[in-house]
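Below, each chain spelled out in residue letters.
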Amino acid sequence: HAGNTFWAGRGWSTIKFDQVSTRLRGEGYKIVCVGTPSDHKPLCADIDLRGQTNIGQLASVIQQASFFVGTDSFPMVLAETFNVKGVAFFGSILPETRLITKSVTPVVADGIKCLGCHHRKALPCVATTICEVGVQECVLGVSVDRMWQNIKKML
C-alpha cells in the first residue's frame, strides 16, 4: 500500500515502492496493490486492486497476505489486526502513537530533530500539510535499502 496523501512528510516515493516491489518479486513474492487509485501505475503489481475493494474485501485481502509493505494507513492497521507481518513507512508520524503490536515494523528517518512534527500541531489537527523545516527530511531520509533491510528482517 503505497498510499496517496497530501500530507507533508507522509508520501514515500512511488518510485521507491516500485523498487521494493521489484526486489520482492525477485524473491518470488506476488505483489497485490491496495488503496486509492492514482496516476501512478505500479510497475510490479501482479494484481492491482486499488479502488476496487470495499472495507470487508480489503480486510480479506490483507488477512490473506503473507506480508505487508506500505505506509502508516488503514491497510497497515488491518495488517496489524490480523497479525500479518510487515513494514510501514511513517514519515513525520511517531510510530509509537499508532502501533500496538510488534507485527509491523516502523521505518522512519534516523537522527532528525523534527521527527514527529505532526504531533506538535494544535488540536484538532488531522493532517500536516506544511513541513516545519521545509525539506521533508523524514521522507528523504528513508532509502530503498533502508526499507529493504527492514523487510528482510521481518520475512
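Everything below is about the structure printed above this text.
The rules behind the values
- Residues numbered from 1 in each chain as written.
- Predicted model: local features only at pLDDT ≥ 70, side-chain atom pairs only at ≥ 80, totals over all residues.
- Heavy atoms only, no water.
- Helix = DSSP H or I, 4+ residues; strand = E, 2+ residues; numbered from the N terminus.
- Rg over C-alpha atoms; globule rule 2.2 N^0.38 Å.
- Buried < 20%, exposed > 50% of the residue type's maximum accessible area, 1.4 Å probe, protein only.
- Areas by Shrake-Rupley, 256 points an atom, 1.4 Å probe, with all protein chains shown as cover.
- Pairing = 2+ DSSP bridges.
- Axes fitted to C-alpha atoms, helices over the stretch in contact; angles between N-to-C directions.
- Contact = heavy atoms within 4.5 Å.
- Core = buried A, V, L, I, M, F, W, Y, C linked by side-chain atoms within 4.5 Å.
- Parallel < 35°, antiparallel > 145°, perpendicular 65-115°, else oblique.
- Left-handed = near helix turned anticlockwise from the far one by under 90°.
- Nonpolar A, V, L, I, M, F, W, Y, C, P; charged D, E, K, R; others polar.

(A) Local environment of the overall build of the chain. Within the chain, the regular secondary structure consists of 5 helices and 5 strands. Counting from the amino terminus, the chain carries its helices and strands in the arrangement α-β-β-α-β-α-β-β-α-α. Against the globule reference of 15 Å for 155 residues, the chain gives a C-alpha radius of gyration of 15 Å, in line with a compact fold. By the burial criterion, 43% of the 155 residues in the chain qualify as buried. Accessible area for the chain stands at about 8,500 Å²; split by element, carbon and sulfur atoms hold 55% of it.

(B) Structural context of the sheet that holds strand β5 (residues 104-107). One open sheet holds the 3 strands; their spatial order is β3-β4-β5, and the pairing between them is parallel. Looking at which strands have only one partner, the edges of the open sheet turn out to be β3 (68-71) and β5. Across this sheet, the average inter-strand angle for adjacent strands is 20 degrees, counted without regard to direction. Two strands pair when backbone bridges link them, and β3 and strand β4 (residues 86-89) are joined in this way by 4 bridges, in the parallel orientation. Counted as the bridge partner of glycine 70 is alanine 88 from β4. Lying on the sheet, helix α3 (residues 74-81) is in contact with β3, β4 and β5; it crosses β3 at an angle near 145 degrees.

(C) Here's a closer look at the side chain of threonine 105. Summarising the element assignment, threonine 105 is placed in strand β5. If we skip the residues at most four places from it in the chain, threonine 105 touches Gly86, Val87, Ala88, Asn150 and Met154.

(D) Structural context of the environment of serine 92. For serine 92, the position within the fold is in the loop between β4 and β5. What makes serine 92 buried here is its relative accessible area of 1%. In the structure, serine 92 is positioned 22 residues away from cysteine 114 in sequence and 8.0 Å away in space, judged by C-alpha atoms. Those residues in contact with serine 92, other than ones at most four positions away along the chain, are Ala8, Gly9, Arg10, Leu115, Gly116, Cys117, His118, His119 and Cys138.

(E) Just the nonpolar core, in detail. Core analysis: the biggest nonpolar cluster contains 22 residues, and Trp12, Val20, Leu24, Val69, Val87, Met147 and Ile151 have the highest contact counts within it. Those elements that place two or more of their residues in this core are α1 (14-26), β4, α4 (137-140) and α5 (144-154). For this core, the element with the most residues is α5, which contributes 5 residues. With residues near it in sequence (within four places) discarded, valine 20 still touches Trp12, Val69, Val144, Met147, Trp148 and Ile151.

(F) Quick look at the packing of α1 against α5. Orientation of α1 relative to α5, taken along the N-to-C sense of each, is 40 degrees, at an axis distance of 10 Å. Between α1 and α5, the crossing angle belongs to the class labelled oblique. The handedness of the crossing between α1 and α5 comes out as right-handed. Note on element contacts: α5 touches α1 through Val144, Asp145, Met147, Trp148 and Ile151, opposite Lys16, Gln19, Val20, Arg23 and Leu24. Residues of the contact of α1 with α5, tallied by class, amount to 6 nonpolar, 1 polar and 3 charged.

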